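# Descriptive analysis of the structure
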Amino acid sequence: MTQIVPSKYPLTRMRRNRQADWSRRLTRETYLTKDDLVWALIVHDGEEPRIPVTAMPGVDRLNLDEAVKAAKRARDLGIPALALFPHIDPSRKDDTGSEALNANGFVPSVIRAIKEAVPEIGVMCDVALDPFTTHGHDGVMNEKNKIDNDATLNMLVQQSLVQAAAGVDVIAPSDMMDGRIGAIREALEAHGYKDTMIMSYSAKYASCFYGPYREAVGSGAVLTGDKKTYQMDYGNTDEAIRETALDLQEGADIVMVKPGLPYLDIVYRVSSTFNVPTIVFQISGEYGQIMLASEAGWLDRDKAILETLSSFKRAGADGIVTYFAERAAELLS
Ligand code: PBG
């Protein structure tokens, strides 16, 4: 990047370009558009149409019919894609999260219903075991209460094949096991799912900001311990580069940084290092901060939505997974 040193005041007055709306618009460097949005949806396998998530005011768990309605709404608003996260009845959970492999389970049925009703919308689905395990971890636990990487890979591969068979467009592994992108990619190729995309949660940090999400999918109350043996340490940035490089070598089409706002440096570094499609996740805790502060009257919600989403674009993200996608798309219409 060439840096041109500006001449001095008063020849250079930085405020000249800022003086009018037209000149600010004309000289703006980055733009947020509806095409940048992925709508994060929590779906549940019960009858109740919508169940509010206490820790995420304004977000409901949707049943299958409501999820289809949301997909239509997203299409009508011009949102390119949805990302699905399931809440499963506790009676279907077990040690290994075997419900994740059920080809007739709730998740594949939601994928099928949405793709049938709204074929033009992109459907992404989380791959990880945490909504399905009795211990709330993303992987399988061994006798020593450790998350067993290689035993988990088998599960994730099968979970991905079940989703691919249901017609998901994008497999989104959020589990942070080593080698999972390669294992999933090989299995997809072997089973003829050559066009199924993989969006890897490549640089995913062990973060306290996931708290509200864990309530939403019902993994928080049962979670034993923390996820620090697989999610990244927030002190690290070189590690984000290694993780991303590995996922790209293993066949990821899109990479992701998560969480968003506290990790803008990582978004910038990953996107400028690799020049590959880079998505950022504005996660549940970030959503909650904006909602609580705006409900208290301390922040203007709509402005906070647009400013935070724009900051991701400025940092180099190509797209953003957000619970605010519907509102953002309305504001951008
Ligand atoms: C785990 C998973 C997490 C999120 C989505 N999938 C994090 C976690 O529970 O460790 C977080 C999403 C959010 O906070 O909005 N498979």
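Residues numbered from 1 in each chain as written. Predicted model: local features only at pLDDT ≥ 70, side-chain atom pairs only at ≥ 80, totals over all residues. Heavy atoms only, no water.

## Considerations on the packing of aromatic side chains
- The full count for this structure, using the stated rule, is seven aromatic pairs.
- Taken together, a centroid distance of 6.3 Å and an interplanar angle of 50 degrees make the contact between Y201 and F281 tilted. With Y201 in strand β7 (residues 197–204) and F281 in strand β9 (residues 278–282), this residue pair connects regions lying 80 residues apart in the sequence. You'll find Y201 and F281 in the same group, each marked buried.
- By way of ring pairs, the aromatic residues F85, Y201, Y213, F281, Y287, Y323 and F324 are connected into one cluster.
- The ring of Y31 carries R28 above its face, with NZ or CZ at 5.5 Å from the centroid. (Phe/Tyr/Trp six-rings, centres within 6.5 Å; stacked < 30°, edge-to-face > 60°. Helix = DSSP H or I, 4+ residues; strand = E, 2+ residues; numbered from the N terminus. Buried < 20%, exposed > 50% of the residue type's maximum accessible area, 1.4 Å probe, protein only. Lys NZ or Arg CZ within 6 Å of the ring centre and 35° of its normal.)

## Comments concerning the site of the ligand
- Around the ligand sit 16 residues, and of these S174, R214, K258, S284 and Y323 come closest.
- Within the side chain of D130, one N or O atom sits 2.8 Å away from a nitrogen atom of the ligand.
- Q231 places a polar side-chain atom, nitrogen or oxygen, 2.8 Å from an oxygen atom of the ligand.
- Protein contacts shield 100% of the accessible area of the ligand, which totals 400 Å² for the unbound molecule.
- Within the shell around the ligand, the residues separate by chemical class into six nonpolar, three polar and seven charged. (Near = heavy atom within 4 Å. Polar contact = N/O pair within 3.5 Å; in protein donor to acceptor, adjacent residues only side chain to side chain. Areas by Shrake-Rupley, 256 points an atom, 1.4 Å probe, with all protein chains shown as cover. Nonpolar A, V, L, I, M, F, W, Y, C, P; charged D, E, K, R; others polar.)

## What about the confidence of the model for the protein?
- Overall, the predicted model of the protein reaches an average pLDDT of 97, with 99% of residues at or above 70.
- Predicted confidence in the protein is weakest over helix α6 (residues 211–217), with a mean pLDDT of 96, and strongest over strand β10 (residues 319–322), with 99. (pLDDT = per-residue confidence, 0-100.)

## Quick notes on the pattern of salt bridges
- Applying the stated criterion to the full structure yields 21 salt bridges.
- For D247, the salt bridge identified is with R180, shortest N-O distance 3.4 Å. With D247 in helix α7 (residues 238–249) and R180 in helix α5 (residues 180–190), this pair connects stretches of sequence that are 67 residues apart. Like R180, D247 is buried. (Salt bridge = Lys/Arg side-chain N within 4 Å of Asp/Glu carboxyl O.)

## Re the nonpolar core
- Core analysis: the largest hydrophobic core is formed by 102 residues, its most contacted members being L84, F85, I114, M199, F281, V321 and Y323.
- Ignoring any residue separated from it by four or fewer positions in sequence, one finds V321 in contact with V38, A40, A83, M199, M256, I279, V280, F281 and Q282. (Core = buried A, V, L, I, M, F, W, Y, C linked by side-chain atoms within 4.5 Å. Contact = heavy atoms within 4.5 Å.)

## What about the environment of M197?
- Structurally, M197 can be placed in strand β7.
- The spacing of M197 and I254 is 57 residues in sequence and 8.0 Å in space, taken between C-alpha atoms.
- Those residues within four positions of M197 in sequence are excluded, and the remaining contacts are D169, V170, I171, R185, D253 and I254.

## Some remarks on the environment of N236
- Along the chain, N236 falls in the loop between α6 and α7.
- N236 sits 83 residues away from L153 along the chain, and the two C-alpha atoms are 25 Å apart.
- Residue contacts for N236: discarding those within four places in its chain leaves Y205 and I266.

## Digging into the environment of D238
- You can see D238 is positioned in helix α7.
- On the basis of relative accessible area, D238 is assigned to the exposed category, the value being 52%.

## Description of helix α10 (residues 301–315)
- Over its 15 residues, α10 runs 21 Å from end to end, which matches the ideal 21 Å to within 8%, given 1.5 Å per residue.
- Among all positions in α10, only D302, A304, I305, T308, L309, S311, F312, K313 and A315 are buried.
- Residues of α10 that are buried make contact with β1 (37–44), α8 (264–274), β9, α9 (284–295), β10 and α11 (325–332).
- Among the residues of α10, the N-terminal cap falls to D300, whose side-chain oxygen and the backbone nitrogen of D302 are separated by 3.1 Å.
- Among the residues trailing α10, G316 stands out with phi positive, at a value near 115 degrees. (Expected span 1.5 Å × (residues − 1).)

## Observations regarding α7
- For α7, which comprises 12 residues, the first-to-last C-alpha distance of 17 Å matches the rise-based estimate of 16 Å (1.5 Å per residue) to within 8%.
- All of the buried residues in α7 are A240, I241, E243, T244 and D247. Down the axis, α7 shows its buried residues gathered within 165 degrees of arc, on one side only. What points out from α7, more than 90 degrees from its buried face, is the exposed set D238, R242 and Q249.
- One or two steps after α7, the chain reaches G251, where phi turns positive at roughly 115 degrees. (Arc of directions from axis to C-beta.)

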